[in-house]
Amino acid sequence: MAGEVFSAWRGVGIVAAVRINPLETEGRADLAAVMQGRPDIVLMAKVAEPSQVAMLEKEVEELERRFDIRAGSTELAPNIESARGVMQTYTIASASQRVTAVLGSTEDMAADLGAPRSKQAVELSYARQRLHFECTAANVLSVDCPYTFTDVAGAEADARYARQLGYVAKSAVDPNHVAAINRVMTPSTDEVREAYAIIAAFEAARAAGKDRARYGDLLIEVPFYLSAKRLVARAAELGVEGA
């Protein structure tokens, strides 16, 4: 069904991304089937070693040739689902130029840690922070783990925590959570308005020969100014009004 499904997704502006099992299990059969549909991104479960990414890259290259897909066009997104994987996130993210994102796990990660699952996800706090740190260092997108309970309010709160850590993307297993995640991860018009005010205040201060600006209780220096500019750029990319 890959070709038909991916085509339908693209028809409504959705990136065709598909998750396969590890190559060590059913992954090769999965990959051969889905590559016929020309996916934009292949995610692979249970990645714990950079060698798994190198192996996936080699298989994808061969299938691109077989199915006459433009060489190098298929992106990769390893799924980190174990303590071993978290400890090697940077090397996994850097193992191939095709890697554009890394996605974190919840259930398998908690099980590997021997930690009871909770809605507050305190058991995953370090893993989530470290994954984002290492992805940032490797210059790839970090995708936060899904909220695997059914309530939408909890999913929104979990997304807000992820945004506070620095994530701008989050996965989901329940379609009812998608709107809440998008709402949290998309800058609001109020946030855009404030970012423009911060930018203006800093630029006015610099024009007056000062090295910083004051905006309310904030002392705005270069990092805060650049953060405001990034928010405006992201808002513009996502079509937020006023960006």
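The present account deals with the structure reproduced in this document. What you see is a predicted model; the values in this text were computed from it and never measured. (Residues numbered from 1 in each chain as written. Predicted model: local features only at pLDDT ≥ 70, side-chain atom pairs only at ≥ 80, totals over all residues. Heavy atoms only, no water.)

A short note on the packing of helix H7 (residues 125-138) against helix H8 (residues 152-165)
When two helices pack together, their arrangement is given by the angle between their axes and by how far apart the axes lie. Stated precisely, the cut-off is as follows: Whenever a helix is involved, its axis is fitted only over the stretch in contact; in every case the axis is a line through C-alpha atoms, and angles between N-to-C directions fall within 0 to 180 degrees. For helices the rule is a DSSP run of H or I covering at least 4 residues; for strands it is a run of E covering at least 2, with both sets numbered from the N terminus onward. Should an angle fall under 35 degrees it is called roughly parallel, over 145 degrees roughly antiparallel, and 65 to 115 degrees roughly perpendicular, with every other angle called oblique. Two helices that cross are described as forming a left-handed crossing if the nearer one is turned anticlockwise from the farther one by less than a right angle, and a right-handed crossing if clockwise. Contacts were defined at the residue level, with two residues in contact if any of their heavy atoms lie within 4.5 Å.
Interaxial distance between H7 and H8 falls to 10 Å at its minimum, and their mutual angle equals 45°. The pairing of H7 with H8 is recorded here as oblique in orientation. H8 is crossed by H7, and the crossing has right-handed handedness. Where H7 approaches H8, its residues Ser125, Arg128, Gln129 and His132 are matched on the opposing element by Asp158, Tyr161, Ala162 and Leu165.

Looking at the pattern of salt bridges
Worth spelling out the cut-off: One side-chain nitrogen of Lys or Arg within 4 Å of one carboxyl oxygen of Asp or Glu is enough to make a salt bridge.
What the rule picks out here adds up to 20 salt bridges. A salt bridge links arginine 193 to aspartate 190; its shortest N-O distance comes to 2.6 Å. Of this pair, arginine 193 and aspartate 190 both sit in helix H10 (residues 189-207), three residues apart, roughly one helical turn. For arginine 212, the salt bridge identified is with aspartate 211, shortest N-O distance 3.6 Å. Connected through shared salt-bridge partners, Arg128, Asp144, Asp158 and Lys170 make up one network.

Describing helix H11 (residues 222-237)
Count 3.6 residues to each turn of an α-helix, and residues three or four apart come out pointing the same way. The line we're drawing: Given a helix with a known number of residues, its expected span is that number minus one, times 1.5 Å. Relative accessibility under 20% of the residue-type maximum defines a buried residue, over 50% an exposed one, and the middle range a partly exposed one, all with a 1.4 Å probe and only protein chains included. The arc in question is traced by the directions running from the helix axis to the C-beta atoms.
Spanning 16 residues, H11 covers 22 Å between terminal C-alpha atoms, matching the ideal 22 Å at 1.5 Å per step. Of the positions making up H11, those classed as buried are Tyr225, Ala228, Val232 and Ala235. On an axial view of H11, the arc spanned by its buried residues comes to 85°, and they lie on one face. In H11, the exposed positions that point more than 90 degrees away from the buried face belong to Pro223, Arg230 and Glu237.

Details of the environment of alanine 17
Looking at the element boundaries, alanine 17 is found in strand E1 (residues 17-20). Once the C-alpha coordinates of alanine 17 and arginine 38 are considered, the two residues, 21 residues apart in sequence, prove to be 9.7 Å apart. Non-local contacts of alanine 17, meaning those with residues more than four positions away in its chain, are made with Trp9, Ile41 and Leu43.

Notes on the pairing of strand E2 (residues 41-44)
We count it as follows: Only strands that DSSP links by at least two bridges are regarded as paired with each other. By convention, a crossover is right-handed whenever its connection, traced from the first strand over the helix to the second and viewed with the strands pointing away, goes clockwise.
Here E2 shows a buried face lined by Ile41 and Leu43 and a second buried face lined by Val42 and Met44. Here E1 runs beside E2; their pairing, made up of four bridges, is parallel. In the sheet register, isoleucine 20 faces E2, and the bridge partner there is methionine 44. A crossover connection joins E1 to the parallel E2 through helix H2 (residues 27-35); in handedness this β-α-β unit is right-handed. Sheet analysis places E2 next to strand E3 (residues 75-80), joined by four bridges and oriented parallel. By the bridge assignment, methionine 44 is partnered in E3 with proline 78.

Honestly, that's just the spatial picture; any functional story needs more than this.
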